[in-house]
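Next come the chains, spelled out residue by residue.
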Amino acid sequence: MKKQMYLFFSCIIALSVSCKDQSSTNDVVNGNSPELIDKNDIERIEPPNWWIGFENDKLQLLVKHNNIAEYTPSISYKGVSIEKVNKGDNSNNYLFIDLLISETASAGTFNIKFKNGSGDELIHTYQLKNRLKPAEDFIGFDSSDAVFLITPDRFSNGDPSNDIVEGLKQTSIDRTDGYARHGGDLRGIINNIDYIHDLGYTAVWPTPVLINDMPQGSYHGYAITDYHKVDPRFGTLEEYKELSAKLREKSMMLIMDQVANHCGLEHWWMKDLPFKDWVNNQKNYEDNIENWNWKVTTFSNHRRTTNQDLYASNADRKGNTDGWFVEGMPDLNQRNPFLATYIIQNSIWWIETLELGGIRQDTYPYPDKDFMANWAGSIMKEYPNFSIVGEEWSYNPLLVGYWQTGNNNKDGYESNLKSTMDFPMTKAIKDGINEEESWDKGLVKLYEGLANDFSYANPNDIMIFMGNHDKSRVYTEFGEDAVKTKMALSYMLMLPRIPQIYYGTEILMDDTAIPGDHGLIRTDFPGGWEGDTVNAFTGEGLSIEQKEMQSFMSKLLNYRKNSKAIHDGKTVHFSPFMGTYFLFRTLGNETVVLIINKNDEPITIDLKRYTEIGLDGKTLTNIITGETFDWNDAIDLSVKGPLLLTTKTE
Ligand code: CA
């Protein structure tokens, strides 16, 4: 009773200070004496904390400290035991401690004691926390969501005080250089959640914000140098948590961009690798560490089809998985079981810490594919309703399908991966909208591209996108034609898919000066920096065409947000006819119609052909203009572009 009273009051106190650190309450409840807390003799223990109540009751701690391999660890804490202690074969400065965290373990802190033969003792205090919510409440993104992709350095500079952080290897910012840091950060995203929300998005995917302490190119985030640390130029861990929490307040979610394939060359472990096979082509690297340059790097051959190819040579297969992506990104060897466990635990650490709504995994076909299946499977076992999307940059639907769970692959490979990326459909849309109509060109590309869905295990779970941080801007791909851009975006938002759109697409951002140039694709979002003469957040200084597109996107995305027919409805489409293409999505009483019309001259289409949809005699509303249309014998299409109609009346 006394204990319950204490818990009650401490919760009241905790609530008054935002109730976010339940663990401090539990420390006292568990009776840990204060002197046990906060002793950190060890240089590094990762993951830095863990939780009780996972399906997997095992935890492997990476311990990094000078000569730590000469020490023996011990733990005295109810429910936690050391199962095995492992040493690296390449360095005396690591231990890998296998812990068993049984059901009897409570949240709290305990000391790990390390003793060597000379009687020296080191102590590190470790924390097990209570999980913040039940595992099944981590709901991942699905086809009811729309994902806003952001390059954080280029979106909004919410905190100029973190632009330059002394002590890091890159300490300059230069907004005139597309490959330099520009100063955008997590605070900038937090400040503009309302903008993203009002556009109709439900999920935000920022490209990686973990530290890239690299001498150059650190802004893009894909050369991580510490897997548990937020880059201070993007903000703090608390700000990352705040972003996730504020998104959840708006019924939105945070997707984390993770990289299992490679780290940055300046990663802290690169100068003292624990095992001889921690990274691929490691000997080459270690033999040349003093004069490391591109000449001695063994690059990936990028032959990703070797993952599926029945006839692939071992040399090609190894060339794909073991080669380095680029010189500054060492290729991690996920066949080393300690590295594999490290990466899996790291992903779970971030899901739990940030209460994520999903993970986007970079360069999916480059790591060891059995590891990737194990990685995704381990996460989905802990979070059965979670979502992960993997990037396979291929225009071949067979490859996109191969990576999706439930695909019944001939070779028996089960990926455990819910979502893949629809590069094939993205290309079909680009070609189909741009091409002149003929029997095998133009809109038929969309029609036949979507027909490929017969081969996918779950088309609804595949992520479709127009534009990302690596591809040319949508507006540029369509020759700076806003009508074509609208056709493409309307189509992708109507598909049985999870749509993802890159920031700035709504204001027709382009890379037309040098198409495909990464620096230019990732141009600063206007209004994100103090003193910007154009402000897309407020509309100040935008052209009429930009404002019009912003409004179009907002109307369409906000309609989509509540449209069960688009999320989960039946899909029917009709082969292109006289430069038009009709797509219908239906669920219950709601039918949504997309008509893409490529004719420059007015045209009348007989609607008898579409009778099977059951719209005859119904009044439909234009989703963008609010005008009504009576669906009877024919429709006059006087304007080139997309026409979006719904049977919904409100
Ligand atoms: Ca900043």
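Note that this is a predicted model, so its numbers are computed, not measured.

Caption draft 1: Spotlight on the overall build of the protein. Per the secondary structure count, the protein includes 17 helices and 24 strands. With the C-alpha coordinates aligned to their principal axes, the bounding extent of the protein is approximately 90 × 65 × 55 Å. Counting every position in the protein, which comprises 650 residues, the buried fraction comes to 58%. Put simply, of all contacts in the protein between residues at least 6 apart along the chain, 72% involve residues at least 24 apart. With the model as given, the accessible surface of the protein reaches about 26,700 Å², and the carbon-plus-sulfur share is 51%. Separation between the mean location of the 63 positive side-chain charges and that of the 93 negative ones in the protein comes to 3 Å.

Caption draft 2: Molecular detail of the nonpolar core. Counting 163 residues, the largest nonpolar core has Phe 114, Trp 269, Trp 375 and Tyr 491 as the members making the most contacts within it. Of all the elements, helix H8 (residues 337–354) adds the most residues to this core, at 11 residues.

Caption draft 3: View of the coordination of the calcium ion. Taken together, Asn 157 (OD1), Asp 159 (O), Asn 162 (OD1), Asp 163 (OD), Gly 183 (O) and Asp 185 (OD) make up the protein donors of the calcium ion, found 2.3 to 2.7 Å from the metal. Taken together, the 6 donor atoms coordinating the calcium ion span angles of 62 to 162° at the metal, a pattern that classifies the geometry as irregular. You can call Gly 183 buried: its relative accessible area is 5%.

Caption draft 4: The environment of Glu 121, seen in detail. Assignment of secondary structure puts Glu 121 in strand S8 (residues 121–129). Those residues within four positions of Glu 121 in sequence are excluded, and the remaining contacts are Asp 41, Lys 113, Phe 114 and Lys 115.

Caption draft 5: Here's a closer look at the packing of helix H11 (residues 423–434) against helix H14 (residues 482–494). Their axes nearest at 10 Å, the elements H11 and H14 cross at an angle of 145°. The interaxial crossing formed by H11 with H14 has right-handed handedness. For the pair H11 and H14, contact is made by Met 425, Ile 429, Ile 433 and Asn 434 and by Lys 484, Met 487, Ala 488, Tyr 491 and Met 492, respectively. Residues that form the contact of H11 with H14 fall into these classes: 7 nonpolar, 1 polar and 1 charged.

Caption draft 6: Quick peek at the packing of aromatic side chains. Going through the model one piece at a time under the given rule, you end up with 48 aromatic pairs. Considering the side-chain rings of Trp 269 and Tyr 342, the 5.2 Å spacing of their centres and the 70° angle between planes classify their relative orientation as edge-to-face. Here Trp 269, found in the loop between strand S11 (253–258) and helix H6 (282–287), pairs with Tyr 342, found in helix H8; they are 73 residues apart in sequence, far enough to count as distant. The interplanar angle of 40° and the centroid separation of 6.1 Å between the aromatic rings of Phe 584 and Tyr 610 together place this pair among those described as tilted. Separated by 26 residues along the polypeptide, Phe 584 in strand S18 (residues 580–587) and Tyr 610 in the loop between strand S20 (603–606) and strand S21 (618–622) bring together distant segments of the chain. For Phe 584, a relative accessible area of 0% corresponds to the buried category. Here Tyr 610 falls in the buried class, since its relative accessible area comes to 1%. Linked through ring pairs, Tyr 94, Phe 96, Tyr 227, Trp 268, Trp 269, Phe 275, Trp 278, Phe 338 and Tyr 342 together constitute an aromatic cluster. For the cation-ring pair, Arg 181 lies above Phe 234, with the distance from its terminal atom to the ring centre recorded as 4.7 Å. The ring of Tyr 413 is capped by Lys 369, whose NZ or CZ atom sits 5.0 Å from the centre of that ring.

Caption draft 7: Local environment of the environment of Ala 565. With respect to the helices and strands, Ala 565 occurs in helix H17 (residues 564–568). Along the chain, Ala 565 and Thr 305 lie 260 residues apart, while their C-alpha atoms are 36 Å from each other. The residues touching Ala 565, leaving out its near neighbours within four places in the chain, are Arg 585, Thr 586, Leu 587, Glu 590 and Val 592.

Caption draft 8: Local environment of H11. If you check H11, its first and last C-alpha atoms are 17 Å apart, about what 12 residues at 1.5 Å a residue would give, namely 16 Å. Counting buried residues in H11 gives 9 out of 12 residues, a clear majority hidden from the surface. The complete set of buried residues in H11 reads Phe 423, Pro 424, Met 425, Thr 426, Ala 428, Ile 429, Asp 431, Gly 432 and Ile 433. If you follow the buried residues of H11, they end up packed against helix H10 (397–402), helix H12 (444–451), strand S15 (463–466) and H14. With a side-chain oxygen lying 3.0 Å from the backbone nitrogen of Met 425, the N-terminal cap of H11 falls on Asp 422.

Caption draft 9: Representation of the domain arrangement of the protein in the model. For the protein, the domain assignment lists domain 1 (21–131), domain 2 (275–322) and domain 3 (566–646). Using C-alpha coordinates to define each centre, domain 2 is positioned 52 Å away from domain 3.

Caption draft 10: Expanded view of the sheet that holds strand S19 (residues 590–597). Reading across the sheet, the 6 strands line up as S17-S18-S19-S24-S21-S22 and stay open at both edges, with antiparallel pairing between neighbours. Edge positions in the open sheet fall to strand S17 (570–577) and strand S22 (628–631), since each of these has one partner strand only. The mean inter-strand angle of the sheet, taken between neighbouring strand axes irrespective of direction, is 25°. Relative to S22, S21 runs antiparallel, the two sharing 4 bridges. Each bridged residue has a counterpart across the sheet, and for Lys 618 the counterpart in S22 is Trp 631. Docked against the sheet, H12 engages S17, S18 and S19, running at close to 145° with respect to S17.

Caption draft 11: Representation of unusual backbone geometry within the structure. Put simply, Glu 46 and Pro 47 share a cis peptide bond, and its omega is 0°. Within the fold, Pro 47 resides in the loop between strand S1 (44–46) and strand S2 (50–51). The backbone phi angle of Asn 281 is positive, close to 55°, even though this residue is not glycine. Structurally, Asn 281 is set in the loop between S11 and H6.

Caption draft 12: Representation of the side chain of Asp 422 in the model. Mapped onto the elements, Asp 422 comes out in the loop between strand S14 (419–420) and H11. Residue Asp 422 is classed as buried on the basis of its relative accessible area of 1%. Apart from residues no more than four positions distant in its own chain, Asp 422 is found in contact with Tyr 456, Ile 462, Met 463, Ile 464, Phe 465 and Arg 497.

Caption draft 13: The arrangement of the confidence of the model for the protein in detail. With 94% of its residues at a pLDDT of 70 or more, the protein shows a mean pLDDT of 93. The model gives residues 1–34 a pLDDT under 50, and that stretch makes 25 contacts with residues more than four places away or in other chains.

Caption draft 14: Highlighting the pairing of strand S12 (residues 358–361). By the alternation rule, side chains of S12 split into Gly 358 and Arg 360 and Ile 359 and Gln 361, which are all buried. As paired strands, S11 and S12 are joined by 4 bridges and run parallel to one another. Bridge assignment links Gln 258 to a residue of S12, and that residue is Gln 361. As judged from the 3 bridges shared by S12 and strand S13 (residues 388–390), these two strands associate in the parallel manner. Looking at the pairing, Ile 359 lines up with Ile 388 of S13.

Caption draft 15: Spotlight on the sheet that holds S15. Across the sheet, 8 strands lie side by side as S14-S13-S12-S11-S10-S9-S16-S15; this open sheet has parallel pairing. Edge positions in the sheet fall to S14 and S15, since each of these pairs with one other strand and no more. Here strand S9 (residues 147–150) runs beside strand S10 (residues 203–206); their pairing, made up of 4 bridges, is parallel. Across the sheet, residue Val 147 finds its bridge partner in S10, namely Ala 203. Packed onto the sheet, H8 meets S11 and S12 and runs at close to 160° relative to S11.

Quick notes on the rules
- Residues numbered from 1 in each chain as written.
- Predicted model: local features only at pLDDT ≥ 70, side-chain atom pairs only at ≥ 80, totals over all residues.
- Heavy atoms only, no water.
- Helix = DSSP H or I, 4+ residues; strand = E, 2+ residues; numbered from the N terminus.
- Buried < 20%, exposed > 50% of the residue type's maximum accessible area, 1.4 Å probe, protein only.
- Contact = heavy atoms within 4.5 Å.
- Areas by Shrake-Rupley, 256 points an atom, 1.4 Å probe, with all protein chains shown as cover.
- Lys, Arg positive; Asp, Glu negative; His and termini not counted.
- Charge placed at Lys NZ, Arg CZ, Asp CG, Glu CD.
- Core = buried A, V, L, I, M, F, W, Y, C linked by side-chain atoms within 4.5 Å.
- Donors = N, O, S within 2.8 Å, 3.2 Å for Na, K, Ca; no water.
- Tetrahedral: all angles 85-135°; square planar, octahedral: opposite > 155°, others 65-115°.
- Axes fitted to C-alpha atoms, helices over the stretch in contact; angles between N-to-C directions.
- Left-handed = near helix turned anticlockwise from the far one by under 90°.
- Nonpolar A, V, L, I, M, F, W, Y, C, P; charged D, E, K, R; others polar.
- Phe/Tyr/Trp six-rings, centres within 6.5 Å; stacked < 30°, edge-to-face > 60°.
- Lys NZ or Arg CZ within 6 Å of the ring centre and 35° of its normal.
- Expected span 1.5 Å × (residues − 1).
- Polar contact = N/O pair within 3.5 Å; in protein donor to acceptor, adjacent residues only side chain to side chain.
- Domains from an automatic or database assignment.
- Pairing = 2+ DSSP bridges.
- pLDDT = per-residue confidence, 0-100.

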